[in-house]
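# Tertiary structure, described
In case you want the letters, here they are:
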Amino acid sequence: MSDQWWFCLKHMRVEPEKACPNKDRLGPYESEEIAAQAMQRAAERNKAWAEQDREWEED
């Protein structure tokens, strides 16, 4: 089995390699713990990008 993990957007849970189709998942991640943080990390990145967009539009 692979040492890679994914976060399933359909079931909102961490999955091993043999699970839902990749179209429904984020990853791969190097550990189950990192995969479990996928939604939090995505939200943080989206917020940072939105702030960059606002700064860009203000220039």
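Structure: see above.
Below is a summary of the structure that appears in this document. The structure presented is a predicted model; accordingly, all values stated were derived computationally and were not measured.

To continue, consider the sheet that holds strand S1 (residues 5-8). What the three strands build is an open sheet, ordered S2-S1-S3; its pairing is antiparallel. Edge positions in the open sheet fall to strand S2 (13-16) and strand S3 (25-29), since each of these has one partner strand only. Averaged over all pairs of adjacent strands, the angle between their axes in this sheet comes to 30°, without regard to strand direction. In the sheet, S1 pairs with S2 via four bridges, with the strands oriented antiparallel. Across the sheet, residue Cys8 finds its bridge partner in S2, namely Arg13.

Another aspect to go through is the packing of aromatic side chains. To describe a pair of aromatic rings, one takes the distance between the centres and the angle between the planes. Under the definition given, this model contains zero aromatic pairs. The lysine or arginine in question, Arg25, covers the ring of Trp6, its NZ or CZ lying 4.3 Å from the ring centre.

The next thing to look at is the pattern of salt bridges. Across all of its chains, the model carries three salt bridges by this definition. Measuring nitrogen to oxygen at the nearest pair gives 3.9 Å for the salt bridge that ties Arg13 to Glu15. With relative accessibility at 45%, the residue Arg13 sits in the partly exposed group. A relative accessible area of 3% places Glu15 in the buried class. Note that Lys23 is salt-bridged to Asp24, the shortest N-O span being 3.5 Å.

Looking now at the environment of Asn22. Within the secondary structure, Asn22 sits in the loop between S2 and S3. When the C-alpha positions of Asn22 and Cys8 are compared, they lie 8.4 Å apart, and in sequence the two are 14 residues distant. Among the polar contacts made by the side chain of Asn22, one reaches the side chain of Arg25 at a distance of 2.6 Å.

So, about the pairing of S1. Direction of pairing for S1 relative to S3: antiparallel, over a ladder of three bridges. The residue of S3 that forms the bridge with Cys8 is Arg25.

A contiguous patch of negative charge on the surface is contributed by Glu51, Asp53, Glu55, Glu57, Glu58 and Asp59. For Asp53, a relative accessible area of 46% gives the class partly exposed.

Calculation notes
Residues numbered from 1 in each chain as written. Predicted model: local features only at pLDDT ≥ 70, side-chain atom pairs only at ≥ 80, totals over all residues. Heavy atoms only, no water. Pairing = 2+ DSSP bridges. Helix = DSSP H or I, 4+ residues; strand = E, 2+ residues; numbered from the N terminus. Axes fitted to C-alpha atoms, helices over the stretch in contact; angles between N-to-C directions. Phe/Tyr/Trp six-rings, centres within 6.5 Å; stacked < 30°, edge-to-face > 60°. Lys NZ or Arg CZ within 6 Å of the ring centre and 35° of its normal. Salt bridge = Lys/Arg side-chain N within 4 Å of Asp/Glu carboxyl O. Buried < 20%, exposed > 50% of the residue type's maximum accessible area, 1.4 Å probe, protein only. Polar contact = N/O pair within 3.5 Å; in protein donor to acceptor, adjacent residues only side chain to side chain. Patch = residues over 30% accessible without salt bridge, like charges linked within 9 Å, V, L, I, M, F, W, Y side chains within 5 Å. Areas by Shrake-Rupley, 256 points an atom, 1.4 Å probe, with all protein chains shown as cover. Lys, Arg positive; Asp, Glu negative; His and termini not counted. Charge placed at Lys NZ, Arg CZ, Asp CG, Glu CD.

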